[in-house]
Amino acid sequence: MATRRQALQWSLATAVLLASKRRALMAGTSDRTQLITRAIPRSGERLPTVGLGSSASFAALARSGELDPLREVLGAMAAHGATVFDTAPSYGESEAVAGQLARELGLGDSMFWATKVNVAGRDGGSADPAAARAQIEASFEHLGSKVIDLIQVHNLGDVPVQMGILKELREAGRIRYLGVTSTRAAQYAELEQVMRDEPIDFIGVDYAIDNELSAERILPLAQDRGIGVLVYLPFGRTRLWERVRGQALPVWAAEFDTRSWAQFFLKFVISHPAVTVVTPATSKAKHMIDNLGAAMGRLPDEDQRQRMREFVAGLPGG
Ligand SMILES: NC(=O)c1ccc[n+]([C@@H]2O[C@H](COP(=O)([O-])OP(=O)(O)OC[C@H]3O[C@@H](n4cnc5c(N)ncnc54)[C@H](OP(=O)(O)O)[C@@H]3O)[C@@H](O)[C@H]2O)c1
């Protein structure tokens, strides 16, 4: 008699297999998946515009050891053709759990792993190069991959030291892309400086319908410099959920194929032309599937974006 967990694994494995067969059948066309994709500016490699983040609720479950819901989340993500998984050593067990689950589900090379390095501490300070290298080696171990797609310097921690190591790794072919992250406006000036001075492939930055500060200078600069953008905090963690509690979705959201508040918030983000991928965190497969709906169908145009912005600004708590 199969246990519930085995049955779950088989059904997810079947879903992933069917999805990869579907993708293989469609390979060679410009539309490999149903999801809207964007090109990484440096390489032209296309990524599905919605991925998965792993702090917040994902990290809490990873820490608790309750892995079945996270297995379902990753299975749902892969079955729908999404690939980008954003994690970091500082998200507790998330990196190791995601690597383990991806191996169990046979996702192998189909994942685009984006992780981070930071041993400099939260408020700056210098990074010990040996500790940074050890942290990176642990990420290779956790993800079970010889090559990691992207490693970013987390929160701009000691960029000269930590990015120096990432440059070596990119040169050696152990990582494919490198970048830096920041989700604090107080760091934007430093972020801009790094974007101007360093040969980075990606940034990770906060951007949401009620938090558009990064759209003033950071996102345009990314476009100018040919830097890919991973968007973090697209819901402001729980901030936007509190704003729309009890609020009906406006009927005009259907004009750009939006059926939920999650899709409303995520479509706003990915309709910005500088954005490569948004990585909302979730611990629930139904939310993962809901979020992936934002990478399908029509995106809002400029007028519709303005209407969305005004609608959210008019909600209580704005
Ligand atoms: N400095 C940095 O490098 C940095 C900083 C912050 C974040 N990040 C990255 O960005 C990712 C996203 O940020 P975040 O996780 O803090 O915040 P977020 O993605 O804005 O919010 C996640 C929250 O939204 C909920 N949620 C997700 N999908 C939903 C849906 N369809 N319907 C209703 N609720 C939904 C989640 O709960 P459920 O589990 O209930 O779905 C969770 O509470 C992080 O996980 C991390 O990978 C990086």
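Relevant structure appears above.
Summary of the structure given here. A quick note: this is a predicted structure, and the numbers were derived from the prediction, not measured. (Residues numbered from 1 in each chain as written. Predicted model: local features only at pLDDT ≥ 70, side-chain atom pairs only at ≥ 80, totals over all residues. Heavy atoms only, no water.)

1. Notes on the site of the ligand
Taken together, 29 residues sit near the ligand, with Ser-57, Thr-282, Ser-283, Lys-284 and His-287 positioned nearest. Taking Asp-290, its side chain carries an N or O atom lying 3.1 Å from a nitrogen atom of the ligand. Notes on the ligand: free accessible area 900 Å², of which the protein chains cover 92%. Per-element tally for the shell around the ligand: the top contributor is helix α11 (residues 285-292), with 3 residues. (Near = heavy atom within 4 Å. Polar contact = N/O pair within 3.5 Å; in protein donor to acceptor, adjacent residues only side chain to side chain. Areas by Shrake-Rupley, 256 points an atom, 1.4 Å probe, with all protein chains shown as cover. Helix = DSSP H or I, 4+ residues; strand = E, 2+ residues; numbered from the N terminus.)

2. Observations regarding the environment of Phe-112
As for its placement among the helices and strands, Phe-112 is situated in strand β5 (residues 112-117). Residue Phe-112 is classed as buried on the basis of its relative accessible area, which comes to 2%. Each C-alpha atom of the pair Phe-112 and Ile-148 lies 7.9 Å from the other, and the pair is 36 residues apart in sequence. Apart from the residues lying within four places of it in its own chain, the contact partners of Phe-112 are Ile-40, Glu-45, Leu-47, Thr-83, Val-84, Phe-85, Asp-149, Leu-150, Arg-176, Tyr-177 and Phe-202. (Buried < 20%, exposed > 50% of the residue type's maximum accessible area, 1.4 Å probe, protein only. Contact = heavy atoms within 4.5 Å.)

3. Description of the sheet that holds strand β10 (residues 277-278)
Spatial ordering of the open sheet is given by β3-β4-β5-β6-β7-β8-β9-β10, a layout of 8 strands whose pairing is parallel. On the outer flanks of this sheet lie β3 (52-53) and β10, each paired with one strand and no other. Examined bridge by bridge, strand β7 (residues 175-182) and strand β8 (residues 202-206) share 4 bridges and lie parallel to one another. Considered in β8, the bridge of Val-180 is made with Ile-203. (Pairing = 2+ DSSP bridges.)

4. Structural notes on unusual backbone geometry
The backbone of Asn-155 sits at a positive phi, close to 55°, despite the residue not being glycine. Structurally, the position occupied by Asn-155 is in the loop between β6 (148-153) and α6 (159-171). Positioned with a positive phi, Asp-158 is a non-glycine residue whose angle comes to about 30°. With respect to the secondary-structure elements, Asp-158 resides in the loop between β6 and α6. Judged by relative accessible area, which is 16%, Asp-158 ranks as buried.

5. A few points about helix α5 (residues 129-143)
An ideal rise of 1.5 Å per residue puts 21 Å on 15 residues; α5 measures up with 21 Å between its terminal C-alpha atoms. When α5 is considered as a whole, its buried residues turn out to be Ala-132, Gln-135, Ile-136, Ser-139, Phe-140 and Leu-143. Seen from one end, α5 has its buried residues packed into an arc of 145°, which puts them on one side. Of the residues in α5, the exposed ones pointing more than 90 degrees away from the buried face are Ala-130 and Glu-141. Among the structural elements, α4 (94-104), β5, β6, α6 and β7 are those in contact with the buried residues of α5. A distance of 3.1 Å separates the backbone nitrogen of Ala-130 from a side-chain oxygen at the start of α5, and that oxygen is part of Asp-128. Where α5 terminates, the next one or two residues include Gly-144, which has phi positive at roughly 65°. (Expected span 1.5 Å × (residues − 1). Arc of directions from axis to C-beta.)

6. Focus on the pairing of β7
Along any regular strand the residues' side chains alternate between the sheet's two faces. Within β7, 7 of the 8 residues are buried, leaving the element largely enclosed by the surrounding structure. Crossover handedness for the path β7 to helix α7 (residues 188-197) to β8: right-handed. (Right-handed = clockwise from strand over helix to strand, strands pointing away.)

Take it as geometry only, folks, not as evidence of what the structure does.
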